[in-house]
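# What the coordinates show
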2 protein chains.
Amino acid sequence: MLLLTEIEKVIPVPKEMEEAIRKKFTELHCLKTERLQQAGKIARNLFFIEKGLARIFYHNHTGKDVTYGFYTESDFVTVPESFYTQSASKYSMEMLEDGLVYSISYKDLKQLLSNFPQMQHLENKTLQSFLLKASERIVALQFQTASQRYNSLMKKQPSIIMRAPLGAIASYLGITQETLSRIRNRK
Amino acid sequence: MLLLTEIEKVIPVPKEMEEAIRKKFTELHCLKTERLQQAGKIARNLFFIEKGLARIFYHNHTGKDVTYGFYTESDFVTVPESFYTQSASKYSMEMLEDGLVYSISYKDLKQLLSNFPQMQHLENKTLQSFLLKASERIVALQFQTASQRYNSLMKKQPSIIMRAPLGAIASYLGITQETLSRIRNRK
DNA sequence: GTTTTCTTTTGATATGGATCAAAAAGTGAT
DNA sequence: ATCACTTTTTGATCCATATCAAAAGAAAAC
């Protein structure tokens, strides 16, 4: 179980904690295109991807669908600003492949955290890694060209490029499908 | 003291905690252009801006100076990925005005957090607000035009526009000085 | 006040990427 | 296989923004 392995990387997991985790996280078999989060609704759950690929996206002012991020094996995912404040999300989340994810509700997570305070450390780490990724994106979007960003993505998450549809990747990079297609087919 | 007021917004601050906070946070009178953080060094301190304006910036591959973010009254600031992992920072931080900031070292913060575990909540909240801001930046950089981004900044942090030099604002928005100057002087 | 230095503005030109349109390739259902 | 639908590629044109260069304005130093 990847989930436990990942947690153990951050904090020691005694037997009782392991059991509590197994109890609170629900196994979810998901199909491609399945929505794990709807824009306008509160993000009630934190997910962990055991297998598969998901993306968070939103519709911008012109109605175009823009990918905020991709998430895959070993990633925790949620819409943080919705989940942590339990307020409506501006983003949706969908599976891009069939997969297996573990899900825990906000309430259950809070309970787990109060029963096992060491787990706060995990929450912190997760937030930190969200933030780190976000910072990198900002830096990339600020002053790199489209193809530099494409190349970085290819280095950092090559599987995304193989697995996600071109349109979703393009909007993630801040460019149109057409431009991405052209970038691919030269050099 | 703004620092305490801000903390009280998130958690109750009993007398002993207040005293501990006053003891651990050092008052720092800063001059314009002063560096509170150097790229290449570990971010040893978390700062709270009581008065003044600061920015975090980095030098990109072409050697150009790019503003990552602006921070002003009531803001906590540090280079999170350096501070939380105590590893070398890619970013520098400088004051853009004379000001007053409170500073706490990583070690002292950890100690404060273990003496007053409720403060973990504060750390979490701070991380969340860093993340929220970062998400908004990404969305803006992904698919808004330069002048849309300028207008949003004007709405959200009008004081930045009055107080920061144009070059620093331009790179923050992901555009050149010249373009920003032109955006300003039309419409 | 004059000189030096830094910051902002203005101008001319070049270019990366958007947009619109349509063809080609791929995927799925019947 | 065939038809309908989705995704990707290719082409032509246009525009926002970069780049390079230099003038104008403001702030700091003498």
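Per an unreviewed UniProt entry, chain A carries the name CRP-like cAMP-binding protein and comes from Pedobacter nutrimenti.

To continue, consider the sheet that holds strand 6 (residues 76-77) of chain A. Pairing between the strands of a sheet comes from backbone hydrogen bonds, and it takes one of two forms, parallel or antiparallel. All names here are of chain A. What the four strands build is an open sheet, ordered 1-8-3-6; its pairing is antiparallel. This sheet does not close on itself; its edge strands, each paired only once, are strand 1 (26-30) and strand 6. Along the sheet face, helix 4 (residues 106-115) touches strand 3 (45-51) and strand 8 (99-105) and points at about 70° away from the line of strand 8.

For the rest of this paragraph, the subject is the UniProt feature "domain: Cyclic nucleotide-binding" (unreviewed entry) in chain A. Taking the numbering used here, the UniProt-annotated feature "domain: Cyclic nucleotide-binding" (unreviewed entry) corresponds to residues 32-115 of chain A. Note that residues 32-115 of chain A is 17% helix and 45% strand, and that its end C-alpha atoms are spaced 35 Å apart.

Right, let's get into the protein's contact with DNA strand D. Residues in close proximity to DNA strand D total 17 residues, the closest being A:Leu166, A:Arg182, A:Asn185, B:Ala146 and B:Thr179. Counted by atom, the contact set of DNA strand D within 4 Å of the protein is 59% sugar and phosphate. Taking A:Asn185, its side chain carries an N or O atom lying 2.9 Å from a phosphate oxygen of DNA strand D. With respect to DNA strand D, the side chain of B:Lys64 contributes an N or O atom lying 3.3 Å from a phosphate oxygen. Elements represented by at least two residues in the surface near DNA strand D include exactly helix 8 (166-173) and helix 9 (177-184) of chain A together with helix 9 (177-184) of chain B. Ranked by residue count, the leading element in the surface near DNA strand D is helix 9 of chain A, at four residues. Tallied by class, residues from the surface near DNA strand D come to four nonpolar, eight polar and five charged.

Relative to the helices and strands, B:Glu6 is located in helix 1 (residues 2-10). With residues near it in sequence (within four places) discarded, B:Glu6 still touches B:Phe48 and B:Ser74.

On to the packing of helix 4 of chain A against helix 5 (residues 119-143) of chain A, then. Residues and elements named next belong to chain A. Close contact between helix 4 and helix 5 brings their axes to 7 Å; oriented N to C, the two are set at 125°. Classified by the angle between their axes, helix 4 and helix 5 sit oblique to one another. Each of Lys 110, Leu 112 and Leu 113 in helix 4 lies in contact with helix 5, whose residues at this interface are Met 119, Gln 120 and Glu 123. For the contact of helix 4 with helix 5, the residue count by class is three nonpolar, one polar and two charged.

Applying the stated criterion across every chain, the model contains twelve aromatic pairs over all chains. Aromatic side chains B:Phe70 and B:Tyr172 sit 5.1 Å apart centroid to centroid with 55° between the ring planes, which places their arrangement in the tilted category. Of this pair, B:Phe70 sits in strand 5 (residues 65-72) while B:Tyr172 sits in helix 8 (residues 166-173), and the two are 102 residues apart along the sequence. Across this residue pair, the class does not change: B:Phe70 and B:Tyr172 are buried. Each ring, one from B:Phe83 and one from B:Tyr106, has its centre 5.3 Å from the other, and the planes form 80°; the classification is edge-to-face. Highlighted residues: B:Phe83 in helix 3 (residues 80-83) and B:Tyr106 in helix 4 (residues 106-115), separated in sequence by 23 residues. A relative accessible area of 22% places B:Tyr106 in the partly exposed class. Clustering of aromatic rings is evident, with ring pairs tying together A:Tyr58, A:Tyr68 and A:Tyr91. In this structure, A:Arg137 packs its charged tip against the face of A:Tyr172, placed 3.7 Å from the ring centre.

The next subject is the domain arrangement of chain A. All names here are of chain A. Under the domain assignment, chain A is made up of domain 1 (2-130) and domain 2 (144-187). Here the C-alpha centroids of domain 1 and domain 2 sit 25 Å apart. Listed by partner, the interface residues are 13 residues for domain 1 and eight residues for domain 2. On the domain 1 side of the contact with domain 2, Leu 53, Thr 67 and Phe 70 bury the most area, a combined 52% of that side's loss. Our count for the contact surface shared by domain 1 and domain 2 stands at two salt bridges. Across the salt bridge formed by Arg 163 and Glu 73, the nearest N and O atoms sit 3.3 Å from each other. In this structure, the connection of domain 1 to domain 2 is made through six residue pairs in polar contact (both at pLDDT 80 or more). At the level of secondary structure, the elements contributing two or more residues to the side of domain 1 that touches domain 2 comprise strand 4 (53-59) and strand 5 (65-72). A per-class count over the side of domain 1 that touches domain 2 returns five nonpolar, four polar and four charged.

Cut-off values and rules
Residues numbered from 1 in each chain as written. Chains lettered and ligands numbered in written order. Predicted model: local features only at pLDDT ≥ 70, side-chain atom pairs only at ≥ 80, totals over all residues. Heavy atoms only, no water. Pairing = 2+ DSSP bridges. Helix = DSSP H or I, 4+ residues; strand = E, 2+ residues; numbered from the N terminus. Contact = heavy atoms within 4.5 Å. Axes fitted to C-alpha atoms, helices over the stretch in contact; angles between N-to-C directions. UniProt positions renumbered as here; feature names shortened; annotations may be inferred. Near = heavy atom within 4 Å. Polar contact = N/O pair within 3.5 Å; in protein donor to acceptor, adjacent residues only side chain to side chain. Nonpolar A, V, L, I, M, F, W, Y, C, P; charged D, E, K, R; others polar. Parallel < 35°, antiparallel > 145°, perpendicular 65-115°, else oblique. Phe/Tyr/Trp six-rings, centres within 6.5 Å; stacked < 30°, edge-to-face > 60°. Buried < 20%, exposed > 50% of the residue type's maximum accessible area, 1.4 Å probe, protein only. Lys NZ or Arg CZ within 6 Å of the ring centre and 35° of its normal. Domains from an automatic or database assignment. Buried area = accessible area lost by both parts, 1.4 Å probe. Salt bridge = Lys/Arg side-chain N within 4 Å of Asp/Glu carboxyl O.

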